Amino acid sequence: MSEEAPPSVSRPGVAFAGVFVVTFLGLLAVGAVLPVLPRYVRGPLDAGDVAVGVVVGSYAVTGLLLRPFAGRLADHRGRKPTVLLGSFLVALGGFIYLLPLGVPGLVAARLVLGAGEGTVFTASSAWVVDLAPPDRRGRVIGLYGLSVWAGLSVGPLVGEVILHGAGYTAVWFFAGAAPLIGALIATRLPDPFHAAPEADEHHALIEREAVRPGAALALSSIGYATVAAFVVLHLDARGVGHGAAVFGAFATMVVLTRLVGGDLPDRVGPIRVAITAAVVEAVGLTTIGLAYSLPVAVAGALAMGAAFSLLYPSLSLIVVSRVPDTRRGAALGTFTAFFDAGVGFGAPLAGIAAALSSYEGAFIVAAALALVSATTIALAVSNPGRTALATR
């Protein structure tokens, strides 16, 4: 497939920054309620831990199911209209928290929120690829992904400050207002994509070019879910402690690698980078699982963070290189849904592994699945004619 010319946008860097901010504001709203919802469910609503889990987890259901639909919409109606729709849904989810509907109302809010977040991220991912020169798409995808990490990192801090300063109602208002500000910014940004007439004739919901890279992403995301769910418990059980600091080292390494080495998929080739990253992730997970000291655990977390940071942009680049721009949104919708699936099923899977063996066993299982991910990526080059990037 030939590479397209860079889009005719006068200031693509400014446009990219705008899309970054729009996504950041949406994820800021998502993150702000994370530390607040459990307290609200257990406190004012006087519900139990099961209700907390249902409320918090229901958000992922619509995010997973609707990403492919959001991708198709972005291809058929444009990136900007789809991002605007997603931002309005995220805002609506925030304002629904204000209604006195109890736990069912919170679940409804989370379902709407999940649909909106999935729509914003899927359409915005296609939007930034449209803006990027073909030889810098890997770096652009990696930098754009930091909008999610930033929103989910800063959001809980903002939510805590608002809760202690003004109460639950103020948090819900913030969760509704932040995405609306993002939507306002989005209206001012250029959208170089124009749907071709043949785009309306393509009705596939699941883009097959994205399935194998997506499966590799899902398998590698299980490692992230395992670290997020069990690194604190694992290190506490071994008397090491400082699990939060180890997770912080992982998250910091994700950001630093995106900033410093984000162009590796463009320079080295996404297939090679993705395979190497999956293997290094397996090494990092094994190191954490076997760790009996803090330095060893941190070393494993740093390896895991560097590897995980490069997997998403590398696999995304494989996907976008295999489809025309008229199917880019749908392909990314299919691809990103696999991430939700990996995280959503990964934590329970790690929990089962821990229950049947130990926390160490959970990390070893995740490491084995990362190696399966590397094998899956290698199989993606079985037909190298599908993309020139596979042989770079």
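Look up a bit, the structure's there.
All values reported here derive from a predicted model rather than from experimental measurement.

With respect to the packing of helix H9 (residues 211–237) against helix H15 (residues 359–379)
Phase 1: Packing of H9 against H15 leaves a shortest axis separation of 8 Å and a crossing angle of 165 degrees. It follows from the interaxial angle that H9 and H15 lie roughly antiparallel. Taken as a pair, H9 and H15 cross one another with a handedness that is left-handed.
Phase 2: Each residue belonging to the contact of H9 with H15 can be placed in one class, and the counts come to 17 nonpolar, six polar and two charged.

Notes on unusual backbone geometry
Phase 1: With a phi angle near 55 degrees, Asp46 is a residue other than glycine that sits in the positive phi range.
Phase 2: Located in the positive-phi region is His242, a residue other than glycine, with phi close to 60 degrees.
Phase 3: Along the chain, His242 falls in the loop between H9 and helix H10 (243–261).

Thoughts on the nonpolar core
Phase 1: Counting 71 residues, the largest nonpolar core has Tyr97, Trp172, Leu315 and Ile377 as its most contacted members.
Phase 2: Considering every element that reaches this core, the biggest residue donor is helix H6 (residues 102–131), with eleven residues.
Phase 3: Sequence-distant contacts of Tyr97, defined by excluding residues within four places in its chain, comprise Val33, Leu37, Leu106, Ala109, Arg110, Leu113, Trp172 and Ala175.

Notes on the layout of surface pockets
Phase 1: Looking at the largest pocket, its volume works out to about 1,200 Å³.
Phase 2: Considering the residues around the largest pocket, the lining is formed by 38 residues, among which Tyr59, Leu152, Tyr224, Phe339 and Val343 are closest to the centre.
Phase 3: Of the residues assigned to the lining of the largest pocket, the class counts are 26 nonpolar, seven polar and five charged.
Phase 4: By volume, the second largest pocket is sized at about 190 Å³.
Phase 5: Taken together, Pro12, Gly13, Phe16, Val128, Leu131, Ala132, Pro133, Arg136, Arg139, Val140 and Leu143 form the lining of the second largest pocket.
Phase 6: Those elements that place two or more of their residues in the lining of the second largest pocket are helix H1 (12–32), H6 and helix H7 (137–166).
Phase 7: Its residues placed into classes, the lining of the second largest pocket shows eight nonpolar, one polar and two charged.

Let's talk about the side chain of Ser309
Phase 1: Take Ser309: it is sitting in helix H13 (residues 294–320).
Phase 2: Beyond its immediate chain neighbours, meaning those up to four positions away, Ser309 contacts Val254, Thr257 and Arg258.

Quick notes on the packing of helix H5 (residues 79–96) against helix H8 (residues 168–186)
Phase 1: Where H5 contacts H8, the two axes come as close as 7 Å, and the packing angle between them is 165 degrees. Between H5 and H8, the crossing angle belongs to the class labelled roughly antiparallel. Crossing handedness for the pair H5 and H8: left-handed. Of the residues in H8, those in contact with Lys80, Val83, Leu84, Ser87, Phe88, Val90, Ala91, Gly94 and Phe95 of H5 are Trp172, Phe173, Ala175, Gly176, Ala177, Pro179, Leu180, Ala183 and Ala186.
Phase 2: Looking at the contact of H5 with H8 residue by residue, the classes come out as 14 nonpolar, three polar and one charged.

Each value, and the rule that gives it
One numbering rule holds for all chains: residues counted from 1, following each sequence as written. In view of the model being predicted, local features appear only for residues whose pLDDT reaches at least 70, and side-chain atom pairs are presented and counted only at 80 or more, with totals across whole chains, interfaces and linings using the full set of residues. Water and hydrogen atoms play no part in the side-chain values, which are based on all heavy atoms of the structure. Here the axes come from fitting lines to C-alpha atoms, over the contacting stretch only for helices, and the angles between their N-to-C directions go from 0 to 180 degrees. Elements are defined by DSSP. Helices are runs of H or I of four residues or more, strands are runs of E of two residues or more, and each kind is numbered from the N terminus. Note on terminology: angles under 35 degrees are roughly parallel, angles over 145 are roughly antiparallel, angles of 65 to 115 are roughly perpendicular, and the others are oblique. The sense of a crossing depends on the near helix, which, turned anticlockwise from the far helix by less than a right angle, makes the crossing left-handed and, turned clockwise, makes it right-handed. Any residue outside Ala, Val, Leu, Ile, Met, Phe, Trp, Tyr, Cys, Pro, Asp, Glu, Lys and Arg is labelled polar, Gly included; the first ten of those are nonpolar and the last four are charged. Joining through side-chain atoms within 4.5 Å is the link that ties buried Ala, Val, Leu, Ile, Met, Phe, Trp, Tyr and Cys residues into a set, and such a set is a nonpolar core. Residue exposure (1.4 Å probe, protein chains only): buried if accessible area is under 20% of the type maximum, exposed if over 50%, otherwise partly exposed. Whether two residues are in contact is decided by their heavy atoms: any pair within 4.5 Å suffices. Buriedness for pockets is judged along seven lines, at least five of which must meet protein on both sides within 12 Å for an open set on the 1 Å grid over protein atoms alone, while cavities are sets there where a 1.4 Å probe fits but cannot get out, and lining residues have an atom within 4 Å of a point. Grid points are joined across faces, edges and corners, and a volume is the space filled by probe spheres set on the points.

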